[in-house]
Amino acid sequence: MRVDIITVEPDLIKSPFQNSMMKRAIDKGLAEVHFHNLREFGQGNYRQIDDYQFGGGAGMVLMIEPIAKCIEGLLAERNYDEIIYMTPDAPTLNQATANTLSLKENIMILTGHYKGVDQRVRDKYITKEISIGDYVLTGGELAAAVLCDAVIRLIPGVLGDETSALTDSFQDNLLSPPVYTRPSEYEGMKVPDVLLSGNFPKIEEWRSEKAYERTREIRPDLLDE
């Protein structure tokens, strides 16, 4: 998988890709990630990338010309399965979306900034818009890192145990059940006997029940889906 990220703040987003699973994926050649500084496509001597919004109002807007120049340059080199815009006014990222994107070959991600991007960018180029929650960040860089982590970890060969991803929260619209490790007793708190029984059908039944109970208590909306 190749991911191209268009950003106003490339240094802000690079760190997550230099650690943990995303670094492993890159080192193994399972994923390649490229950062494109939007300011390099800015206009004039000052590399302008933003301007006041028509109609008045607080906040600057990313201009269409620098973004179009960057996107067109990338499109001239390869086809993209998705061109994604990270913005809070979009459908919220979920596991199903991450699963689908993990099967793609080339993805481009545009990170928002200031009051967002000129709407014509969204109309002309964007194929999918994604939010990571009902709140606003300074820019879309951290949101893009979250999306990439959720997607790249699902690529076969990235996780040490590929079956681990299949039992994550949300894969079956349920939250994960409680998990335990050694010691079996700590300050009077004991691991449930069933987990120590070696009876794997019973263990799976217990896990399913606990996953359902936890989901019903914390995220009943998932059960409605």
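Residues numbered from 1 in each chain as written. Predicted model: local features only at pLDDT ≥ 70, side-chain atom pairs only at ≥ 80, totals over all residues. Heavy atoms only, no water.

- As recorded by an unreviewed UniProt entry, the protein chain carries the name tRNA (guanine-N(1)-)-methyltransferase and is attributed to Tenacibaculum platacis.
- What UniProt states about the protein chain under its Catalytic activity (unreviewed entry) heading is, verbatim, "guanosine(37) in tRNA + S-adenosyl-L-methionine = N(1)-methylguanosine(37) in tRNA + S-adenosyl-L-homocysteine + H(+)".
- The UniProt entry for the protein chain carries the following comment under Subcellular location (unreviewed entry): "Cytoplasm". (UniProt positions renumbered as here; feature names shortened; annotations may be inferred.)

**Quick word on the environment of A31**
- Along the chain, A31 falls in the loop between helix 2 (20-27) and strand 2 (32-37).
- A residue is classified by how much of its surface remains accessible, and A31, at 5% relative accessible area, is buried.
- In this structure, the C-alpha to C-alpha distance between A31 and R2, residues 29 residues apart in sequence, is 5.8 Å.
- Those residues in contact with A31 that lie beyond four places of it in its chain are M1, A25, I26, I152 and I155. (Helix = DSSP H or I, 4+ residues; strand = E, 2+ residues; numbered from the N terminus. Buried < 20%, exposed > 50% of the residue type's maximum accessible area, 1.4 Å probe, protein only. Contact = heavy atoms within 4.5 Å.)

**Examining helix 8 (residues 200-218)**
- Its 19 residues give helix 8 an end-to-end C-alpha distance of 26 Å, which sits within 8% of 27 Å, the value for a rise of 1.5 Å per residue.
- Here helix 8 has its buried residues at I203, W206, A211 and T215. The arc enclosing the buried residues of helix 8, seen along the axis, measures out at 160°, which places them on a common side. Seen from the buried face of helix 8, the exposed residues on the opposite side, beyond 90 degrees, are P201 and E217. (Expected span 1.5 Å × (residues − 1). Arc of directions from axis to C-beta.)

**Quick notes on helix 3 (residues 64-75)**
- Along its 12 residues, helix 3 runs 16 Å from first to last C-alpha, staying within 8% of the 16 Å computed at 1.5 Å per residue.
- Listing the buried residues of helix 3 in full gives I64, P66, I67, A68, C70, I71 and L74.
- Tucked into the core, helix 3 has its buried residues touching strand 1 (2-7), strand 2, strand 4 (60-62), strand 5 (82-86), strand 6 (106-111) and helix 5 (119-124).

**Considering the sheet that holds strand 6**
- With parallel pairing, five strands are arranged side by side in an open sheet as 2-1-6-5-7. Each of the sheet's edge strands pairs with one partner strand only, and the pair in question is strand 2 and strand 7 (128-130). When the angles between neighbouring strand axes are averaged without regard to direction, this sheet yields 20°.
- Here strand 5 pairs with strand 7 via three bridges, running parallel. Within strand 7, the residue paired with Y85 across the bridge is E129. (Pairing = 2+ DSSP bridges. Axes fitted to C-alpha atoms, helices over the stretch in contact; angles between N-to-C directions.)

**A short note on the state of the cysteines**
- Taken as a whole, this structure holds zero disulfides when the rule is applied.
- For the unlinked cysteine C70, the closest cysteine sulfur is that of C148, found at 15 Å. (Disulfide = S-S within 2.5 Å.)

**With respect to the packing of aromatic side chains**
- Applying the stated rule across the entire model yields one aromatic pair.
- Between F17 and F35, the ring centres sit 5.4 Å apart and the planes meet at 75°, which makes this aromatic pair edge-to-face. Placement of the pair is F17 in the loop between helix 1 (10-14) and helix 2 and F35 in strand 2, with a sequence separation of 18 residues.
- Given the relative accessible area of 6%, F17 is considered buried. (Phe/Tyr/Trp six-rings, centres within 6.5 Å; stacked < 30°, edge-to-face > 60°.)

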